[in-house]
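# Observations on the model geometry
Chain by chain, the residues run as shown.
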Amino acid sequence: MAKECVSLDDYRADFELSVNRSMSMPFAGLMVWSSVAVLSTQLDSDIAILVLLFMTGAIFPLALLIAKVREENLISSKNPLAKLMGMCVLMVNLLWVVHIPLYLYQPEFVPLSLGVSLGLHWVVYSWIVQHPVGLVHAGLRALACFIAWFLWPEARLFAISTVIVVMYLFSLFQLATRPVSSLFTEST
């Protein structure tokens, strides 16, 4: 017996309902990158880069805590779009094989590599929710990190962290204010 087909719009509506505007990861990213920005002004640059490496690894666990409070289902095995987001997070984390050698041999590139790569999953998020928030976030973040890396060579970590904090603030505003109710009424 064939399985009943469910439309992509049904999956999108289900995704939107379960993720409660998907704000936990950006909140966690905002908190971590803000902390990195502040610490980068207080620590030796070599230590600050090491702090960056460890703190960015804390984004996902912190997002899980925030998601619990926000009643956001950050991990779902039922919706294929949620699975796709999980695969995107995995894809981004596979880039650690680039970040670690950079840290060992060219640490001045680590803020740029982490700053850009940890925002790549936003592109797919944008497609899932059919809103430009992710495209804007990933595109502006990459470009602004690139520019900041060149403009402030003596304060690259601070500059890139600040750029990312601004991107998160803008994206959180967009996530909080974008219309989502039309998906629920069309699919139900």
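Scroll up to find the structure.
As the structure is a computational prediction, the values presented were derived from the model and not from experiment.

### A few points about the overall build of the protein
The number of helices and strands found in the protein is eleven helices and zero strands. When the helices and strands of the protein are listed from N to C terminus, the series reads α-α-α-α-α-α-α-α-α-α-α. Here the protein has a C-alpha radius of gyration of 18 Å; the compact-globule value for 188 residues is 16 Å, and the two agree. Along the longest, intermediate and shortest principal axes, the C-alpha atoms of the protein span 60 × 35 × 30 Å. The buried share among the 188 residues of the protein stands at 43%. The contacts of the protein with a sequence gap of at least 6 include a subset with a gap of at least 24, amounting to 74%. Total accessible area computed for the protein in this model is approximately 10300 Å², and 71% of it derives from carbon and sulfur atoms.

### Here's the deal with unusual backbone geometry
One non-glycine residue, Asn 20, lies in positive phi territory at about 50°. Along the polypeptide, Asn 20 turns up in the loop between α1 (8–19) and α2 (24–40). Since its relative accessible area comes to 31%, Asn 20 is described here as partly exposed. Positioned with a positive phi, Gln 130 is a non-glycine residue whose angle comes to about 55°. In this structure Gln 130 comes out as exposed when scored by relative accessible area, which is 52%.

### Considerations on the pattern of salt bridges
The final tally for this structure, using the stated rule, is three salt bridges. We note a salt bridge from Glu 16 to Arg 178, for which the minimum N-O separation is 2.6 Å. Of the two residues, Glu 16 sits in helix α1 while Arg 178 sits in the loop between α10 (156–177) and α11 (181–187), which places them 162 residues apart along the sequence. As far as burial versus exposure is concerned, Glu 16 and Arg 178 are alike and both buried.

### Concerning a nonpolar patch on the surface
Together, Leu 8, Leu 84, Met 87, Leu 90, Leu 94 and Trp 127 make up an exposed nonpolar region whose accessible area comes to about 580 Å². At three residues, the largest contribution of residues to the nonpolar patch is made by helix α5 (residues 80–93).

### Description of the packing of aromatic side chains
Within the structure shown, the criterion is met by six aromatic pairs. Taking the centre distance of 6.3 Å and the plane angle of 55° together, the rings of Phe 15 and Tyr 125 count as tilted. With Phe 15 in helix α1 and Tyr 125 in helix α8 (residues 121–129), this pair connects stretches of sequence that are 110 residues apart. You'll find Phe 15 and Tyr 125 in the same group, each marked buried. Aromatic pair Phe 109 and Trp 149: ring centres 4.8 Å apart, planes at 25°, arrangement stacked. Of this pair, Phe 109 sits in the loop between α6 (96–105) and α7 (110–117) while Trp 149 is found in helix α9 (residues 133–151), placing the two residues 40 residues apart along the sequence. In textbook terms, an aromatic cluster arises when at least three aromatic residues are bridged by ring pairs, as seen for Phe 15, Trp 122, Tyr 125 and Tyr 168. Note that Arg 12 overlies the ring of Trp 127, its terminal NZ or CZ placed 4.7 Å from the centroid. When the ring centre of Trp 149 is taken as reference, the NZ or CZ atom of Arg 156 above it lies at 3.6 Å.

### Re the environment of Val 136
Mapped onto the elements, Val 136 comes out in helix α9. Each C-alpha atom, one on Val 136 and one on Leu 151, is 22 Å from the other, the two residues being 15 residues apart in sequence. Non-local contacts of Val 136, meaning those with residues more than four positions away in its chain, are made with Arg 141, Phe 170 and Gln 174.

### Some words on the side chain of Glu 72
Mapping Glu 72 onto the fold places it in the loop between α4 (59–70) and α5. We classify Glu 72 as buried; its relative accessible area is 7%. A polar contact of 3.2 Å, which involves the side chain of Glu 72, links it to the backbone nitrogen of Met 23. In terms of polar contacts, Glu 72 uses its side chain to reach the side chain of Arg 70, at 2.4 Å. Non-local contacts of Glu 72, meaning those with residues more than four positions away in its chain, are made with Ser 18, Val 19, Asn 20, Ser 22, Met 23, Ser 24 and Ala 67.

Reading the values: the criteria
- Residues numbered from 1 in each chain as written.
- Predicted model: local features only at pLDDT ≥ 70, side-chain atom pairs only at ≥ 80, totals over all residues.
- Heavy atoms only, no water.
- Helix = DSSP H or I, 4+ residues; strand = E, 2+ residues; numbered from the N terminus.
- Rg over C-alpha atoms; globule rule 2.2 N^0.38 Å.
- Buried < 20%, exposed > 50% of the residue type's maximum accessible area, 1.4 Å probe, protein only.
- Contact = heavy atoms within 4.5 Å.
- Areas by Shrake-Rupley, 256 points an atom, 1.4 Å probe, with all protein chains shown as cover.
- Salt bridge = Lys/Arg side-chain N within 4 Å of Asp/Glu carboxyl O.
- Patch = residues over 30% accessible without salt bridge, like charges linked within 9 Å, V, L, I, M, F, W, Y side chains within 5 Å.
- Phe/Tyr/Trp six-rings, centres within 6.5 Å; stacked < 30°, edge-to-face > 60°.
- Lys NZ or Arg CZ within 6 Å of the ring centre and 35° of its normal.
- Polar contact = N/O pair within 3.5 Å; in protein donor to acceptor, adjacent residues only side chain to side chain.

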